[in-house]
Amino acid sequence: LSHCNMIQPVYSQKAMESPYWNEALETMPREELDVLHLKRLRSLIKYAYQNIPMYREIYDQAGIRPEEIRTLDDYVEKLPTIDKKDVLKYQLEGKATVPGSEEYVSFLYQTSGTTGKPLMEPGHFPDLINMWAYQWWAHGIRPRDVFYFAFPFGTFMAFWSAYFDALLLGAEVISGGGVDSKTRIYQIQQFRPTVLISTPTYALRLAEVAKELGVDTRATSIRIVSTAGETGSMAPALRRAMEEAWDAKAIDLYGLSELWGSTSWECPLHPDRMHLGESTAYGIVVDEKGKLVPYGEKGEFVLTNYEATIQPLIKYRTHDVVEWHKEPCDCGRSWLSLRGGVLARTDQMVTIKGTNVYPSSIQALLGEIKGLSERIEIHIDRDGENGGFDRVYVKVEPSPGVDREKCSILKAEAEGLLWRKIGVSIPVEVVPPMSLPRYELKAKLVFDHRSKGAG
């Protein structure tokens, strides 16, 4: 156990009462924001072309020079996107980072590998801070709060960045790394933290362990459950489960580990939307052909981060489907908003009898059924007996206290809802309580058995 308290920053009374971490940036009119973005994008593209072999090769192959990017339209229409597979290729060739930057690397993390081979993430310490502070301040977290970090402090970058931001905020930090779940419950009772940091899955797992110990998590000091790493409180069923388990406010943050600072976080007034952190990132939304979609429509989120100096990612395809809006929010922020957060992933879409099916849609729909828990697995395989079509089937646990006799009714209700809303038949198995795996970090939701070795 480490108990860490950095030198307390001095905040004025006015700053403490403000809902903004950086009011000038968060409320900047869109026209001024776009001018700032263009200036930063042009500078970053020039820097990357001159210093990183990956970008010189990609842009030369596309026949584009940095000086040709004069407007945001040029950025959208002329600059090629990059994908995870591109970065992996250039990492293996030693061309993805600034040559000679090794002496400036102060940390090395990697992505979780949830959707494939992990990316390595070398970085300089200043790249890592100021990703969470905007959200926490917006939701009323202040230096007087005490954070409890319920994660093992491995190579997963996201919660390391949260740890450093909590210190930047001036809060007290309790690290629960290296201990088991029972010990973490006892530590929460002993040290009385007010903010729990974990994945949504593990916040619920901790509540299960507490119940086994006879501890009521609703009676603990936790007032906010701040999560990231997987679908969280943007999913109504998960929000209800976490808030009921802890009698606390659940807040969600979206980001990709490889995109330092490129995060979106839950609006303090509208729990159904997220704001892109435009202090550290520029985002656009495109269709399957890479064309910009109009505001208010859905498409793939493409991001550029400004924070990474050693391995920046420019116009990076996230494969996350979002619905974007640019009108100012009544919370006072002018930053882009994403309605419903991340709605789906393009690389997890399955086509069944001509119908596109997203696992996230299945998860959201089953969350509407009273009597089913948030514990779910979505399996994809190929039906060799019917022409080799893809098929999807689901395993889900009942909610605590649901009689086993009712499971057949829940199964029929779930399958009927999926048929009505999605338009295809998806088998649902309501499995015994506590039979699906529990995870300490990120839960595995989708199991694709079509590829060799998929589990």
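First, a word on what this report is: a plain description of the structure on this page. (Residues numbered from 1 in each chain as written. Predicted model: local features only at pLDDT ≥ 70, side-chain atom pairs only at ≥ 80, totals over all residues. Heavy atoms only, no water.)

## What about the overall build of the chain?
- Scanning the chain from N- to C-terminus turns up 13 helices and 21 strands.
- A buried classification covers 53% of the 455 residues belonging to the chain.
- For the chain, long-range pairs separated by at least 24 residues make up 69% of all intrachain contacts whose partners lie at least 6 apart in sequence.
- Here the chain displays about 20,200 Å² of accessible surface, and carbon together with sulfur accounts for 52% of that area. (Helix = DSSP H or I, 4+ residues; strand = E, 2+ residues; numbered from the N terminus. Buried < 20%, exposed > 50% of the residue type's maximum accessible area, 1.4 Å probe, protein only. Contact = heavy atoms within 4.5 Å. Areas by Shrake-Rupley, 256 points an atom, 1.4 Å probe, with all protein chains shown as cover.)

## Re the packing of aromatic side chains
- Evaluation of the coordinates by the stated rule reveals 20 aromatic pairs.
- Pairing W136 with F147 gives two aromatic rings, centres 4.7 Å apart and planes at 55 degrees, and the pair type is tilted. Of this pair, W136 sits in helix α7 (residues 133-138) while F147 is found in strand β4 (residues 146-149), placing the two residues 11 residues apart along the sequence. Each member of the pair W136 and F147 is classed as buried.
- Each residue in the set W132, W136, F147, F149, F151, F159, W160, Y163 and F164 is aromatic and connected to the rest through ring pairs, giving one cluster.
- For K315, the ring lying beneath its charged end belongs to Y75, and the centroid distance is 5.5 Å. (Phe/Tyr/Trp six-rings, centres within 6.5 Å; stacked < 30°, edge-to-face > 60°. Lys NZ or Arg CZ within 6 Å of the ring centre and 35° of its normal.)

## Here we look at the environment of L36
- Within the fold, L36 resides in helix α3 (residues 30-51).
- By relative accessible area, L36 is classed as partly exposed at 28%.
- Through-space distance from the C-alpha of L36 to that of S279 is 9.7 Å; in sequence the pair is 243 residues apart.
- With residues near it in sequence (within four places) discarded, L36 still touches L25 and M28.

## What about the pattern of salt bridges?
- Applying the stated rule across the entire model yields 26 salt bridges.
- A salt bridge links D34 to R30; the nearest nitrogen and oxygen atoms lie 3.3 Å apart. Here D34 pairs with R30, and both are found in helix α3, just four residues apart, close to one helical turn.
- Close ionic contact of E243 with R239 constitutes a salt bridge, the shortest N to O distance being 3.9 Å. (Salt bridge = Lys/Arg side-chain N within 4 Å of Asp/Glu carboxyl O.)

## What about α3?
- With 22 residues, α3 should reach 32 Å at 1.5 Å per residue; the first-to-last C-alpha distance of 31 Å fits that figure.
- For α3, the full list of buried residues reads R30, L33, H37, L38, L41, L44, I45, A48 and Y49. Buried residues in α3, looked at end-on, bunch into an arc of 145 degrees, giving them a common side. When the buried face of α3 is taken as reference, the exposed residues oriented beyond 90 degrees from it are V35 and K39.
- Packed against the buried residues of α3 are α2 (23-26), α4 (53-62), α5 (72-78), β11 (281-286) and β12 (298-305). (Expected span 1.5 Å × (residues − 1). Arc of directions from axis to C-beta.)

## What about helix α8 (residues 157-169)?
- Relative to the 18 Å expected for 13 residues at 1.5 Å per residue, α8 spans 19 Å between its end C-alpha atoms, a close match to the ideal helical length.
- Burial of α8 is extensive: 12 of the 13 residues sit out of reach of the surface.
- Just beyond α8, the residue with positive phi is G170, at close to 95 degrees.

## Let's talk about unusual backbone geometry
- Phi is positive for R192, which is not a glycine, with a value near 55 degrees.
- Tracing the sequence through the fold places R192 in the loop between α9 (181-191) and β6 (195-198).
- Despite not being glycine, M434 shows a phi value in the positive range, around 65 degrees.
- By the secondary structure assignment, M434 is in the loop between β20 (428-430) and β21 (446-448).

## A few points about the state of the cysteines
- Taken as a whole and judged by the stated rule, the model has zero disulfides.
- In this structure C331 is a free cysteine whose sulfur lies 3.6 Å from that of C329, the closest cysteine sulfur available.
- By relative accessible area, which is 9% here, C331 ends up buried. (Disulfide = S-S within 2.5 Å.)

## Focus on the environment of D74
- With respect to the element layout, D74 can be found in helix α5.
- The buried category is assigned to D74, whose relative accessible area is 12%.
- Apart from the residues within four sequence positions on either side, D74 is in contact with E68, I69 and L79.

## Quick word on the sheet that holds β21
- Read across the open sheet, the four strands follow the order β20-β19-β18-β21; overall the sheet is mixed. Looking along the sheet, the strands with just one partner apiece sit at the ends: β20 and β21. Neighbouring strand axes in the sheet, compared pairwise and without regard to direction, differ in orientation by 20 degrees on average.
- Here strand β18 (residues 372-383) runs beside β21; their pairing, made up of three bridges, is parallel. Of the residues in β21, the one forming a bridge with H379 is F447.
- Most of the contacts of helix α13 (residues 407-422) go to β20, to which it runs at about 155 degrees, and overall it touches β18, β19 (389-398) and β20. (Pairing = 2+ DSSP bridges. Axes fitted to C-alpha atoms, helices over the stretch in contact; angles between N-to-C directions.)

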